[in-house]
Amino acid sequence: MIRIRQLKLPVEHSREELTKKAAKALRVKPEDISRIHIERQSLDARKKPELFYTYTVDVEVKHETQVLKRAAGPQILKAPEERYQFPQMGEETLSHRPVIVGMGPAGLFCGLMLARAGFKPLILERGGPVEERRVKVERFWAGGGLDLKSNVQFGEGGAGTFSDGKLNTLVKDVTGRNRKVMELLVEAGADSEILYQQKPHIGTDRLSQVVACIREEILALGGEVRFNTQVTDFIMEQGRITGLVAGGTEQMEAEAVVLAVGHSARDTFETLLARNIWMEQKAFAVGLRIQHPQTMINKSQYGREEHPLLGAASYKVTHQASTGRGVYSFCMCPGGYVVNASSEDGRLAVNGMSNHARDGENANSALIVTVTPEDFVGDSPLAGIAFQRRLEELAFKAGGGRIPVQLFCDFKENRESRQPGDVNPQFKGGWQFGNLREVLPEELSRTLIEGVERFDRMIPGFGRPDALLAGVESRTSSPLRIVRGESLESSVKGCIPAARARATREASPPRPWTD
Ligand SMILES: Cc1cc2nc3c(=O)[nH]c(=O)nc-3n(C[C@H](O)[C@H](O)[C@H](O)COP(=O)(O)OP(=O)(O)OC[C@H]3O[C@@H](n4cnc5c(N)ncnc54)[C@H](O)[C@@H]3O)c2cc1C
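Predicted model, so just to flag it, every value in this text is computed and none were measured.

Rules and cut-offs
- Each chain carries its own residue numbering, running from 1 in the direction its sequence is written.
- Owing to the predicted nature of the model, reporting of local features is limited to residues with pLDDT of at least 70; listing and counting of side-chain atom pairs is limited to 80 or more, with chain, interface and lining totals taken over all residues.
- In computing side-chain values, all of the structure's heavy atoms are included and hydrogens and water are not.
- Should DSSP find at least two bridges between two strands, the strands are regarded as paired.
- Secondary structure is summarised from DSSP: a helix means a run of H or I of at least four residues, a strand means a run of E of at least two, and numbering begins at the N terminus for each.
- Only the stretch in contact is used when a helix axis is fitted, and all axes are lines through C-alpha atoms; the angle between N-to-C directions ranges over 0 to 180 degrees.
- Only buried residues count toward a nonpolar core. Its members are Ala, Val, Leu, Ile, Met, Phe, Trp, Tyr and Cys residues joined through side-chain atoms within 4.5 Å.
- The rule is simple: take the accessible area with a 1.4 Å probe, protein chains only, and divide by the maximum for that residue type; under 20% is buried, over 50% is exposed, in between is partly exposed.
- Each domain's limits were defined by an automated method or a database of domain assignments.
- In what follows, a contact means two residues having at least one pair of non-hydrogen atoms within 4.5 Å.
- Using a grid of 1 Å spacing that covers the protein atoms alone, one calls a set of points a cavity when a 1.4 Å probe fits there but cannot get out, and a pocket when the set is open and has protein on both sides within 12 Å along at least five of seven lines; lining residues are those with an atom within 4 Å of a point.
- Grid points are joined across faces, edges and corners, and a volume is the space filled by probe spheres set on the points.
- Any residue outside Ala, Val, Leu, Ile, Met, Phe, Trp, Tyr, Cys, Pro, Asp, Glu, Lys and Arg is labelled polar, Gly included; the first ten of those are nonpolar and the last four are charged.
- Here, the term disulfide refers to a pair of cysteine sulfur atoms separated by no more than 2.5 Å.
- Multiplying 1.5 Å by the residue count of a helix minus one yields the expected span of that helix.
- The arc refers to the directions leading from the helix axis to the C-beta atoms.
- Here the quantity called buried area is the accessible surface, traced with a 1.4 Å probe, that two parts lose on coming together, added over both.
- The working definition used for a salt bridge is a side-chain nitrogen of Lys or Arg within 4 Å of a carboxyl oxygen of Asp or Glu.
- As used in this structure description, the phrase polar contact means that two N or O atoms lie within 3.5 Å; if the pair is within protein, one of them must be able to donate a hydrogen and the other to accept it, and residues adjacent in sequence are counted only when both atoms belong to side chains.
- Each residue is tested against the molecule or strand, and it is near if at least one of its non-hydrogen atoms lies within 4 Å.
- Every accessible area reported is derived by Shrake-Rupley at a probe size of 1.4 Å, with residue values counting cover from the shown protein chains alone.
- Put simply, angles under 35 degrees are roughly parallel, angles over 145 are roughly antiparallel, angles from 65 to 115 are roughly perpendicular, and the rest are oblique.

Focus on the sheet that holds strand β8 (residues 231–237)
Here is step 1 of the chain: Reading across the sheet, the three strands line up as β8-β9-β10 and stay open at both edges, with antiparallel pairing between neighbours. The sheet is open, and its two edges are formed by β8 and β10 (250–253), each paired on a single side. Adjacent strand axes in the sheet meet at a mean angle of 30°, parallel and antiparallel pairs treated alike.
Here is step 2 of the chain: Note that strand β9 (residues 240–246) and β10 share four bridges and pair antiparallel. Across the sheet, residue L244 finds its bridge partner in β10, namely M252.

Concerning the nonpolar core
The nonpolar side chains of soluble globular proteins are, as a tendency, buried together.
Here is step 1 of the chain: Formed by 74 residues in total, the largest nonpolar core has its most connected members in L26, V57, V59 and F462.
Here is step 2 of the chain: Among the elements that line this core, the one with the most residues is helix α9 (residues 383–398), at six residues.
Here is step 3 of the chain: Among the domains, domain 1 (2–78) and domain 3 (283–473) are the pair contributing at least three residues each to this core.
Here is step 4 of the chain: Every residue in contact with L26, bar those within four places of it in the chain, is listed here: I2, I4, V59, V67, R70, A71 and I76.
Here is step 5 of the chain: Among the nonpolar cores identified, the runner-up in size contains 32 residues, and M103, L108, L112 and I123 belong to it.

Thoughts on the sheet that holds strand β3 (residues 52–61)
Here is step 1 of the chain: The strand order β2-β3-β1-β4 describes an open sheet built from four strands, whose pairing is antiparallel. Strands with a single pairing partner mark the edges of an open sheet, and in this sheet they are β2 (33–44) and β4 (76–78). Sheet twist, expressed as the mean angle between neighbouring strand axes with direction ignored, is 30°.
Here is step 2 of the chain: Sheet topology note: the strand β1 (residues 2–10)/β3 ladder contains seven bridges and is antiparallel. From the neighbouring strand, I2 faces β3, where its bridge partner is V59.
Here is step 3 of the chain: Helix α2 (residues 64–71) rests against β1, β3 and β4 of the sheet, and its axis sits at about 140° to β4.

Considerations on the side chain of N340
Here is step 1 of the chain: Relative to the elements of secondary structure, N340 occurs in strand β15 (residues 326–340).
Here is step 2 of the chain: A relative accessible area of 5% places N340 in the buried class.
Here is step 3 of the chain: Excluding residues that lie within four positions of it along the chain, N340 makes contacts with F140, W141, V152, L348, A349, I403 and K428.

Thoughts on the layout of surface pockets
Here is step 1 of the chain: Taken as a whole, the second largest pocket encloses approximately 1,100 Å³ of empty space.
Here is step 2 of the chain: Looking at the second largest pocket, it is lined by 35 residues, and the ones nearest its centre are Q41, Y53, Q197, L309 and L310.
Here is step 3 of the chain: Of all the elements in the fold, those that place two or more residues in the lining of the second largest pocket are α1 (15–26), β2, β3 and α8 (294–302).
Here is step 4 of the chain: Looking at the lining of the second largest pocket, the element that brings in the most residues is β2, giving four residues.
Here is step 5 of the chain: In the lining of the second largest pocket, the residues fall into 18 nonpolar, eleven polar and six charged.

As for the state of the cysteines
Here is step 1 of the chain: Evaluated as defined, the whole model comprises zero disulfides.
Here is step 2 of the chain: Not engaged in a disulfide, the cysteine C110 finds its nearest cysteine sulfur in C495; these two sulfurs lie 12 Å apart.

Looking at helix α4 (residues 130–141)
Here is step 1 of the chain: Between the first and last C-alpha of α4 there are 16 Å, a value that for twelve residues agrees with the 16 Å anticipated at 1.5 Å per step.
Here is step 2 of the chain: Here α4 has its buried residues at V130, R133, V137, F140 and W141. Relative to the axis of α4, the buried residues are bounded by an arc of 95° and lie together on one face.
Here is step 3 of the chain: Looking at the buried side of α4, the elements it contacts are α6 (204–220), β15, β16 (350–353) and β19 (427–428).

Quick look at the domain arrangement of the protein
Here is step 1 of the chain: When the domains of the protein are assigned, the result is domain 1 (2–78), domain 2 (99–280 + 481–497) and domain 3 (283–473).
Here is step 2 of the chain: Each of domain 2 and domain 3 was reduced to a C-alpha centroid, and the two centroids are 27 Å apart.
Here is step 3 of the chain: In this assembly, 26 residues from domain 2 lie in contact with 29 residues from domain 3.
Here is step 4 of the chain: Carbon and sulfur atoms make up 53% of the area that domain 2 and domain 3 hide from each other, which totals about 2,300 Å².
Here is step 5 of the chain: Remark: the boundary between domain 2 and domain 3 carries three salt bridges.
Here is step 6 of the chain: Between R389 and E270 there is a salt bridge, with its nearest N and O atoms 3.3 Å apart.
Here is step 7 of the chain: Where domain 2 packs against domain 3, one counts 15 residue pairs in polar contact (both at pLDDT 80 or more).
Here is step 8 of the chain: For the side of domain 2 that touches domain 3, the secondary structure elements donating two or more residues are α4, α6, α7 (266–274) and β12 (279–281).
Here is step 9 of the chain: The element best represented in the side of domain 2 that touches domain 3 is α7, accounting for four residues.
Here is step 10 of the chain: The residue makeup of the side of domain 2 that touches domain 3, split by class, is eleven nonpolar, six polar and nine charged.

Regarding the site of the ligand
Here is step 1 of the chain: Around the ligand, the structure places 33 residues, and the nearest of them are A106, E125, A159, G160 and F162.
Here is step 2 of the chain: With respect to the ligand, the side chain of T268 contributes an N or O atom lying 2.9 Å from a nitrogen atom.
Here is step 3 of the chain: About the coverage of the ligand: the protein hides 86% of its 990 Å² of free accessible area.
Here is step 4 of the chain: Those elements giving two or more residues to the shell around the ligand turn out to be α3 (105–116), β15 and β16.
Here is step 5 of the chain: Partitioned by chemical class, the residues of the shell around the ligand number 15 nonpolar, 14 polar and four charged.

A closer look at the packing of α4 against α6
Here is step 1 of the chain: Between α4 and α6, whose axes approach to 10 Å, the crossing angle comes to 150°. Here α4 lies roughly antiparallel to α6, going by the angle between them. Mapping the contact onto sequence places V130, E131 and R134 in α4 and T204, S208, V211, A212 and R215 in α6.
Here is step 2 of the chain: A breakdown of the residues in the contact of α4 with α6 according to their chemical character gives three nonpolar, two polar and three charged.

As structure tokens, then:
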């Protein structure tokens, strides 16, 4: 295959026009191209309202070697082979099957890959299956009580199930793993465009079906999933994990345990600390969600309020504030909703989600500011959690148990809002006006105000008086790090935290467990 980069076409074009453009670049006839595979498609809006797609394509063509020799250049090269390779099997045979704690994206994909490799993993998930969880979350948003085991953070599919399902990542794809995840999602029912779109997304409505499909494959391959099963303790002997306790009483033997508990399993982190697993404080970010009419964002990004082919537009903004802190948009949800994403009684956290069609009235994003261990009280690895909890308690209080909301003009003036302006509130979960200045530390509030005013110069209307703020956005990433070594294990042998790669190479897993 030959890779061609930087093929530019107006967004309204046919597949034939793309083939013709590729043929022209290679100086061959369109009929000589037998297959064209889109590797990447990105939007070029620099000349809006004229909009273009820029493509990277891999092309199968007659007489490939000669064509490549003739046409090769910076934008035309041999297509690289980027196949993900499952790590080589190790030497030891496991006497127990691997256990995965948590069935969010990390646990789900770990379970699927291990099941496909013949390991028949056991997955323990504190929440319910996705179908049951959906019902509980909808009930909570409608005003029912919070279920501490199945909510927006916990349950099959993890925190991302009620999300925008954005799939872009800043993690470089050195081993082809990112691509592999996309392929697995397509196999499980996601649209194949996610394989090449610059900003792929699935949407809450589709994600739950995809998650259930992956679970079914794990089961069909001999894996086991136990829902409503919380791991409450870890049994260790001489620096190695030997078992787990589930639900406070049930003991099970284990020698390879993947900790895929996500960033909100605060009770589990407390247990891990009590068991002397090495953890450390880390920086993360907190802030507020902001809502604007989607048509306003479209106008700024596309040069018009609606675009039938492109759908709802997104944005990314960042600013270094005079307070010395950076403020930036995060987890932008075009055509989406701000949701109550709480997981503890008396504490309130928000996040954003959208459906596949991204057809909600508003755009929302988190506007967040980095906080570091210097902002926390004390040296405990759990100090970041205490910081989050404090903000979530204040948010709960500010909204009387509902999502606290404030117009941007009132946030600036440190006063409660009385009624919405032209931005029509789009929430999942009850909301009421509250003063968000009482939730965030003053320095963070000032940083956010400066950020919004700066972003108004990039996106006209961003700082409009009636832009709707809601809080608190506190679960942006983990507030602590479980330290891992070169083998990807924690300080306790056999206990492997799933997280963004820190160690540099893939470890060799042991050979499959057999019964
Ligand atoms: C509303 C919302 C929208 C989001 N939108 C996006 C988005 O569009 N794109 C994106 O990339 N990211 C998004 N995120 C973030 C994303 O969800 C997380 O980065 C991702 O879920 C992390 O995956 P994980 O598997 O590491 O952990 P999690 O998804 O947190 O999963 C951990 C799982 O472990 C379980 N668990 C915890 N402790 C135990 C225990 N002791 N025993 C048994 N089970 C346990 C939990 O119930 C949970 O299901 C969003 C998050 C939220 C809340």
